[in-house]
Amino acid sequence: MPDYYQNKYKSYHEKTFAIDPSDFLSPLAERLTAGAMVLDVGCGSGRDLLWMKKKGFDVIGFDHSHGLVELARENAGCKVIEGDFETYDFSAISADAIMLIGALVHIQYDQISDVFKNITSLLSDFGIILITLKEGTGTLTDEEGRTFYRWQDEKARAIFYNLGFKVCDFSRSFSKTGSGEVWLGYVLEKKKTATTQ
């Protein structure tokens, strides 16, 4: 797949930054205390970082596109890490919550559990995640050469449960880009880890 986010980061920014994220970020924000640390993985050009920062949260961004990382730092005025979330060691980061807004839409079905576990390994018990996935079946490749993996609610919930998370909030909403696509939104809470005597 051509690296659209590396090569066309400016056009991606232009298409997505002006979108009001209130509808899909509010369910997370309402569950956090003021000053909570939030990691935005796949932060793009910083739209959601800026929104959460304005709500009084401490934010850190993460993206693999150098151009988007630079834009996010400029737009949100916060720390943004450049890296590959499939291999990055997240253990050095401390956060109360993680945002994965469309971040995993290009991850193959047989890889998503490992990627999700790697990213969420930094969370302690009762840590919160906001994740959005495209609804549908199978894959879709757009005119830019990007392949999207689409999800059914039941399948997504089964993966979250198997990885030790419970669903606290769920939504279905049409894409704000006007594409007609439907997004599935989940607020997840990490279950308490069982202790051995």
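Heads up: the structure comes first, above all this text.
On a predicted model such as this, the values are computed, not experimentally measured, just so you know.

A. Highlighting the packing of aromatic side chains. The tally for this structure, following the rule as stated, stands at nine aromatic pairs. Measuring from centroid to centroid gives 5.0 Å for Phe62 and Phe90, while their planes differ by 45°, and the two rings are tilted. On the criterion of sequence distance, the pair formed by Phe62 in strand β2 (residues 58–63) and Phe90 in the loop between β3 (80–82) and β4 (97–101) is long-range, its members being 28 residues apart. With centroids separated by 5.3 Å and ring planes inclined at 80°, the aromatic side chains of Phe116 and Phe165 adopt a geometry described as edge-to-face. Of the two residues, Phe116 is situated in helix α6 (residues 112–120) and Phe165 in strand β8 (residues 165–174); the sequence distance between them amounts to 49 residues. Pair check on accessibility: Phe116 and Phe165 agree, each one buried. The ring of Phe148 has Lys134 sitting right over it, with the charged end atom 3.8 Å from the ring centre. A cation sits over an aromatic face here: Lys155 above Tyr109, 4.1 Å from the ring centre.

Rules behind the numbers
For every chain, the first residue of the written sequence is number 1, and numbering continues from 1 along that sequence. Only residues with pLDDT of 70 or above have their local features reported here, since the model is predicted, and side-chain atom pairs are shown and tallied only from 80 upward, although totals for entire chains, interfaces and linings are computed over all residues. As a rule here, side-chain values cover all heavy atoms of the structure and leave hydrogens and water aside. For this analysis, a ring pair means two rings from Phe, Tyr or Trp (six-membered ring only for Trp) whose centres lie within 6.5 Å, classed as stacked if their planes differ by under 30 degrees, edge-to-face if by over 60, and tilted for the remaining angles. We count a stretch as a helix when DSSP gives it H or I for four or more residues in a row; a strand needs E for two or more, and each element gets its number in order from the N terminus. To sort residues, take the accessible area from a 1.4 Å probe on protein chains only and compare it with the maximum for the residue type: under 20% means buried, over 50% means exposed, and anything in between is partly exposed. As a reminder, the over-ring test applies to NZ of lysine and CZ of arginine, requiring each to be within 6 Å of the ring centre and within 35 degrees of the ring normal.

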